[in-house]
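Structural overview for review
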Amino acid sequence: MADVLTPEQRRKNMKSIKAKDTKIEVLLRKMLWENGYRYRKNVSGLPGKPDVILTKYKIAIFCDGEFFHGKDWEKLRIKLKSSNNGEFWLKKIAGNRARDEEVNKQLSFLGWTVIRFWGKDIKKHPEECLKVIEEAIFEIKMQNAETESFTEWCED
């Protein structure tokens, strides 16, 4: 499949893709703020530089674009194989997916809960994304309460 844009149009398009403060990140952050959750954004001290972190609960949130992070990878791979510059994109997206998996492992090892959302899920169902985050917070609170109860029981 040939590119429908000229090289100059494609270059301009690709240059406009942002690494932080994307529409989906801003939408998710606004919802968190409106619901009383305070966060930090793009923390460079953590593996993968999460888009949003809730330090109080050790939750790292990533807002992933469908193309660059390979949503429906098997279908996308087939399309890319026959596309213009397909080998480049196959290698690039496969690398992104492998890096995402490694970042998830590193953060988990450090005690962080990792949540990844697809951009379209944030746009179409932001309340569901908030619900996922709130469920993770609830689980963390329950684990902390159990640990505290056990610690108090051991001290008695």
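Structure shown above.
The sections below set out a description of the structure shown in this document. Source: prediction; values computed, not measured.

**Considerations on the sheet that holds strand β3 (residues 59–64)**
Read across the sheet, four strands follow the order β1-β2-β3-β4 without closing on themselves; strand pairing throughout is mixed. Looking at the sheet topology across the chains shown, the edges are occupied by β1 (40–41) and β4 (113–118). Against the sheet, helix α2 (residues 23–34) makes contact with β1, β2 (52–54), β3 and β4, and its axis sits at roughly 145° relative to β3, the strand it touches most. Sitting on the sheet, helix α4 (residues 86–109) touches β3 and β4, and the angle it makes with β4 is about 150°.

**Points about the nonpolar core**
Among the nonpolar cores identified, the biggest contains 20 residues, and Leu-28, Leu-32, Leu-54, Ile-59, Ile-61, Phe-117 and Ile-133 are the most heavily contacted of them. Those elements that provide at least two residues to this core are α2, β2, β3, β4 and α6 (126–155). Here Ile-61 is in contact with Leu-28, Leu-32, Pro-50, Asp-51, Val-52, Leu-54, Ile-115, Phe-117 and Ile-133, once residues within four sequence places are set aside. Val-43, Ala-60, Phe-62 and Val-103 belong to the second largest nonpolar core, which has eight residues in total.

**Some thoughts on a positive patch on the surface**
Taken together, the side chains of Lys-23, Lys-120, Lys-123 and Lys-124 define a basic patch exposed on the protein surface. Considering each element in turn, the positive patch owes the most residues, three residues, to helix α5 (residues 119–124). Among the secondary structure elements, Lys-120 is positioned in helix α5.

What counts and how
Residues numbered from 1 in each chain as written. Predicted model: local features only at pLDDT ≥ 70, side-chain atom pairs only at ≥ 80, totals over all residues. Heavy atoms only, no water. Pairing = 2+ DSSP bridges. Helix = DSSP H or I, 4+ residues; strand = E, 2+ residues; numbered from the N terminus. Contact = heavy atoms within 4.5 Å. Axes fitted to C-alpha atoms, helices over the stretch in contact; angles between N-to-C directions. Core = buried A, V, L, I, M, F, W, Y, C linked by side-chain atoms within 4.5 Å. Buried < 20%, exposed > 50% of the residue type's maximum accessible area, 1.4 Å probe, protein only. Patch = residues over 30% accessible without salt bridge, like charges linked within 9 Å, V, L, I, M, F, W, Y side chains within 5 Å. Areas by Shrake-Rupley, 256 points an atom, 1.4 Å probe, with all protein chains shown as cover. Salt bridge = Lys/Arg side-chain N within 4 Å of Asp/Glu carboxyl O. Lys, Arg positive; Asp, Glu negative; His and termini not counted. Charge placed at Lys NZ, Arg CZ, Asp CG, Glu CD.

Remember that the coordinates give geometry; whether it matters functionally is a separate question.
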